[in-house]
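Each chain, written out:
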Amino acid sequence: MKLFVPGRLCLFGEHTDWAGHYRTMNADIKPGAAIVTGIEQGIYAEVEKSGKFELYSDAEEISDVWKDFSCRMDETELKRIAKSGDFFCYCAGVASYMLEWYKVGGVRIRITSMTLPMKSGLSSSAAICVLVARAFNSLYNLNLNTLGEMNIAYLGELRTSSRCGRLDQACAFGVKPNLMTFDGDEIEVRSLNVKKHLYWVFADLCAEKNTIKILSDLNKAYPFPTNEAERLEHEALGQKNLDIVDRAIRYMAEGDAEALGKLMTEAEALFDAQVAPMSPALYSPKLHAVLNDPVIQPMVWGGKGVGSHGDGSVQFLARSEEAQQQLVDYLNGQGLKAYTLTLKPVHTVRKAIIPVAGFGTRLYPATRALKKDFFPIPCPDGMVRPVILILLEELIQSGIEDICLVLGSEEERQQYADFFERPLSEEHLRKLPPEAQDYENHILDIGKRLHYVYQREKRGFGHAVYQAAQFAGNEPVMLLLGDTLYRSDSHKPCALQMVEEYERHNSLMVSIHPIPLAEVSRYGILHGVWEDKDHRVLHVDTIMEKPKASYAEDFLAVRNQNGEKEYYSVFGQYILTPEVFSQLHEDIIQREIAGDHVSEIELTSALEAVRQRSGMVGVCLKGRMYDMGNPAALVTAVESFGK
């Protein structure tokens, strides 16, 4: 199994993780808040099960400091190594925690590349701890979510002489910005949106800083301030930090790079005025010389220190991509080690696909004359709409701009042309009330958004979806089922709920809902671990098509908030990433090479392949679905949807 864990860069809110923890002792302390992102540099590794705990490296970047390591999976021995201060103490600390609490076997970790600089405020120690925790979790199917891996990495590092902060292990969440809040023992992590590209540069100052001394000095002011200087430290890491973080979130969401850069400079000035005086170890002449370098100023919107501050690392927000590279070249020329980090906006989902190529055999003989996506459904507003119009209106209300319908043949295209493109006759139009005449224009406007492709061979759902690959392009695209209706239980359509969740997670996504155990054999069932305390976002680790109930009960149950077993099936809405279409293409090519022109190309198998490589998120939407694919379900929809 191949793993990658990035380093992390704290953009705002340094030191507020441990400061917020002191709320368990002093309720007047404000919660901590930090904006942290993974970076593009990190640790690449291959992991497998072993009888021992072993670490090896083929990485040229660390060949001068690396020594291979191996020891028995023995709790006493691992704890001894963790306390030794040796090179592998962090890894041993995490392994000892895993062994003590999960009774796991060993792992073999081989680092193939290490692009992350060490001892530079980018949490290389936290990254290796997360890597070890993730290796155990993945290989032994421990069902830990990302926050669980992060917490174990933290607890494992605490078994060493290190006194890391709670935000160091944020690298577990990947290369995207996150808001972390620290309220006593409670930690929450929320993904942040970025509207425009933000061009960061960070650099190892190649100087010295004493993190242990810095933390020791700053902690003396907690939990209760005893003088004015300590009160100012509380204020800087408390309310003033909360104000800065709130503004930073807003500027990132608005894409206001200039305001964000100025805020970095403001945050550094606050730190220098109210925090740095508390520790002589925070005297940082090199950091301030670089921040104030007149050559750099025209290239950046602002800059500040990194991590615990001191002369460890510096970060800047460059004015453009060109300025970003110029700054890297300049800093490297000054003897520093500079790196780029570009925070990219999540593509807002603009396109959708609805496959409607099936024959509708379960609704024969009605489907001899009318495709099932044109069956009439009474709606809550008193209108009677065809199924396809209800689906299209939901997509448009959710911000979708272009929609591709996958038809079975060119002959079927005529029904859509008649409905969405051909205006009513003047006589027919005059018979309609004024509001219906206005609605007629609305239908014709929807027709202008529609695109059509054809599935001439009926080779499965995945094959139908693949026909729209060119339409999807290199963008995320929403997929709806053509015989399923959705009713939101909130003011947001189900499709809009999906889009907003995608913008938070930027991952292959499926909507999910619980179904009775007796029905699992009729659906694809997903298993995973909850990423949030509300049990709405599931980190999917298994997809199985139509399992037996006995198997599902043993291996596919997901515990709800009451500890009860539930079974989750796809709700009928997906957001597909470009990788899904690449996988479908590969699946089709492999069948062609094998001379197989008959077997169906399934979407589920392609989703599972992408999930294994890149992950998948399941989202419980606030709503309900109505299947239209069989007579009994159709009766239910006609009776219930309009209520």
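In what follows, the accompanying structure is described. (Residues numbered from 1 in each chain as written. Predicted model: local features only at pLDDT ≥ 70, side-chain atom pairs only at ≥ 80, totals over all residues. Heavy atoms only, no water.)

1. Considering the overall build of the chain
Heads up, the rule is: Labels follow the DSSP assignment, with helices taken as runs of H or I lasting at least four residues and strands as runs of E lasting at least two, numbered in each case from the N terminus. The globule rule used here is 2.2 Å times the number of residues to the 0.38 power, and the radius of gyration it is set against is calculated over C-alpha atoms. Relative accessibility decides the category of a residue: with a 1.4 Å probe and only protein chains considered, values under 20% of the type maximum give buried, values over 50% give exposed, and everything between is partly exposed. By definition, residues are in contact when any of their heavy atoms lie within 4.5 Å.
Looking only at helices and strands, the chain has 22 helices and 25 strands in total. Rg of the C-alpha trace for the chain: 28 Å, near the compact-globule value of 26 Å for 643 residues, within the 12% margin. Here the chain holds 643 residues, and 55% of them are scored as buried. Contacts in the chain between residues at least 24 apart in sequence constitute 74% of all its contacts with a sequence separation of at least 6.

2. Side note on the nonpolar core
Put simply, the test is: Residues belong to one nonpolar core when they are buried, are Ala, Val, Leu, Ile, Met, Phe, Trp, Tyr or Cys, and are joined through side-chain atoms within 4.5 Å.
Residues F12, F53 and W200 are the most contacted members of the largest nonpolar core, which totals 104 residues. Looking at this core element by element, the count peaks at 11 residues for helix α4 (residues 124–139). Once residues lying within four places of it in the same chain are set aside, the contact partners of W200 are L9, L11, L260, M264, Q315, F316, L317, Q324, Y339, T340, L341 and L343. Core analysis: the next-biggest nonpolar cluster, separate from the first, contains 85 residues, I390, I446, C494 and I512 among them.

3. A word on the sheet that holds strand β9 (residues 300–305)
What links the strands of a sheet is backbone hydrogen bonding, and the strands pair in either a parallel or an antiparallel sense. Selection rule: Pairing between strands requires that DSSP locate at least two bridges from one strand to the other. Axis definition: a line fitted to C-alpha atoms, limited for helices to the stretch in contact. Angles are taken between N-to-C directions and run from 0 to 180 degrees.
A sheet is described by the order of its strands in space; here four strands give the open sequence β9-β10-β8-β11, paired in antiparallel fashion. The open sheet terminates on both sides in strands that have one partner only, identified here as β9 and β11 (337–343). This sheet shows a mean twist of 20 degrees between the axes of neighbouring strands, independent of strand direction. Sheet analysis places strand β8 (residues 198–204) next to β11, joined by seven bridges and oriented antiparallel. Within β11, the residue paired with A203 across the bridge is A338.

4. A short note on the packing of helix α12 (residues 387–397) against helix α13 (residues 413–420)
This is how the line gets drawn: Geometric relationships in this document are graded by angle, where less than 35 degrees denotes roughly parallel, more than 145 denotes roughly antiparallel, 65 to 115 denotes roughly perpendicular, and other angles denote oblique. Note on convention: near helix rotated counterclockwise from far helix by under a right angle means a left-handed crossing. Clockwise means right-handed. Gly counts as polar in this scheme, as do all residues outside two lists: the nonpolar Ala, Val, Leu, Ile, Met, Phe, Trp, Tyr, Cys and Pro, and the charged Asp, Glu, Lys and Arg.
α13 packs onto α12 with a crossing angle of 65 degrees between their chain directions and a minimal axis gap of 12 Å. With respect to α13, the axis of α12 lies roughly perpendicular. Judged by the sense of rotation from one axis to the other, the crossing of α12 with α13 is right-handed. Where α12 approaches α13, its residues I388, L389 and L392 are matched on the opposing element by Y416, F419 and F420. Looking at the contact of α12 with α13, its residues break down into six nonpolar, no polar and no charged.

5. A closer look at the packing of aromatic side chains
This is how the line gets drawn: Any pair of Phe, Tyr and Trp rings, taking the six-membered ring for Trp, is counted once the centres come within 6.5 Å. Such a pair is stacked with planes under 30 degrees apart, edge-to-face with planes over 60 apart, and tilted for the rest.
This model, assessed by the stated rule, comprises 19 aromatic pairs. Aromatic pair F419 and F420: ring centres 4.8 Å apart, planes at 70 degrees, arrangement edge-to-face. Residue F419 is classed as partly exposed on the basis of its relative accessible area of 27%. On the basis of relative accessible area, F420 is assigned to the buried category, the value being 1%. Measuring from ring centre to ring centre gives 5.7 Å for Y486 and F571, while their planes differ by 40 degrees; the resulting arrangement is tilted. Placement of Y486 in strand β18 (residues 484–488) and of F571 in strand β23 (residues 565–576) is noted, with a sequence separation of 85 residues between them. Classification of Y486 by relative accessible area gives buried; the value is 4%.

6. Remarks on the side chain of Q315
With respect to the secondary-structure elements, Q315 resides in strand β10 (residues 313–318). Taking the relative accessible area as the measure of exposure, Q315 reaches 0% and is therefore buried.

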